[in-house]
Amino acid sequence: MPATHDPRPIGVFDSGIGGLTAVHELFRVLPSESIVYFGDTARLPYGSKSKETVTRFSLEIATFLVRRNIKCLVVACNTSSSHALDALQRRFEIPVIGVIEPSVRAALASSPGGRIGVVGTLATVGSGAYPAAIEKRLPGANVIARACPLFVPLVEEGWLDHPVTRMVAEEYLVELRNGHLESLILGCTHYPLIAPLIAEIMGPVVRLIDSGAEAARATAELLAERGQLAAGPPSHHVYLSDEPRRRSFSRIARAFLGRELPPVTVVDQTDLPWFERPHAVSDLDSAERPA
Ligand code: DGL
């Protein structure tokens, strides 16, 4: 443990609340760290949007978080990591940690034959970011990537072990299952919630890589190396760009985070720049309305 401490929070963002799967792991590996989380619930999903749009949204959110004095930024969203990481790293001086490099490192460590699968949103898979990162470290690797766009709405519906989800997963994963893979990167914030189902379909030999958890562990390593760990006590805050309207919001958020949500603030979009006008939500459950 270094002698110096850095009490500033870690910033984490995602297109929605799926990135709380990364925060779940941050809580485990860095229990003394404070976290400021931004979920862009007003503009989700990112997975069907263009590189330009995803990059603009990501830069706006990062600006919001940097103004909250964060010491590093974790891009929990795979789609943002695929499209906007370079732009974020160029724009800001603090370290910006994406999910791709840490996941690729973990996948290579458990894939001596270089047979790696990747699943993600249309944008993530379309970007080719994962295969490019694997190829850079292991030229000639055998990578199979597959977009699974229906997984996000199925997880948000809470259908984690529903027959429909099982049917969809079997359809999406057929080529991957026949690919003699050693590991499969879950390249989307939502997929860890259906990891048991994916593991069952892929079989016991294939190691599943949770991209958010890998990014959290990479963040712990980086802060330790830089002598920037916090000594606690931690305090956490969640910002959302739109009010949660679904009755199931708290339940889904708990499933992602593994515990109750910290205090939530919804940022007001009426005036530009919308991210400058936060207002507090005092009672999250009263903010929920039937759809
Ligand atoms: N958070 C996104 C990702 O990890 C999934 C949801 C979306 O499409 O915005 O790619």
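In case you missed it, the structure is sitting above this.
From a predicted model like this one, the values you see are computed outputs, not experimental measurements. (Residues numbered from 1 in each chain as written. Predicted model: local features only at pLDDT ≥ 70, side-chain atom pairs only at ≥ 80, totals over all residues. Heavy atoms only, no water.)

Draft legend 1. Focus on the site of the ligand. In the vicinity of the ligand, the contacting residues are D14, S15, L44, P45, Y46, G47, C77, N78, T79, T121, C188 and T189. In this structure, a nitrogen atom belonging to the ligand sits 2.7 Å away from a side-chain N or O atom of D14. In the model, an oxygen atom of the ligand is placed 3.0 Å from a nitrogen or oxygen of the N78 main chain. Relative to its unbound accessible area of 300 Å², the ligand is 99% covered by the protein chains. Of the residues belonging to the shell around the ligand, the class tally is five nonpolar, six polar and one charged. (Near = heavy atom within 4 Å. Polar contact = N/O pair within 3.5 Å; in protein donor to acceptor, adjacent residues only side chain to side chain. Areas by Shrake-Rupley, 256 points an atom, 1.4 Å probe, with all protein chains shown as cover. Nonpolar A, V, L, I, M, F, W, Y, C, P; charged D, E, K, R; others polar.)

Draft legend 2. Summary view of the pairing of strand 9 (residues 236-240). The buried fraction of strand 9 is high, at four of five residues. Two strands pair when backbone bridges link them, and strand 2 (residues 35-39) and strand 9 are joined in this way by five bridges, in the parallel orientation. Opposite G39, over in strand 9, you have L240 as the bridge partner. Two elements, strand 9 and strand 10 (residues 264-267), share three bridges in a ladder whose sense is parallel. Bridging across to strand 10, V238 finds its partner in V264. (Buried < 20%, exposed > 50% of the residue type's maximum accessible area, 1.4 Å probe, protein only. Helix = DSSP H or I, 4+ residues; strand = E, 2+ residues; numbered from the N terminus. Pairing = 2+ DSSP bridges.)

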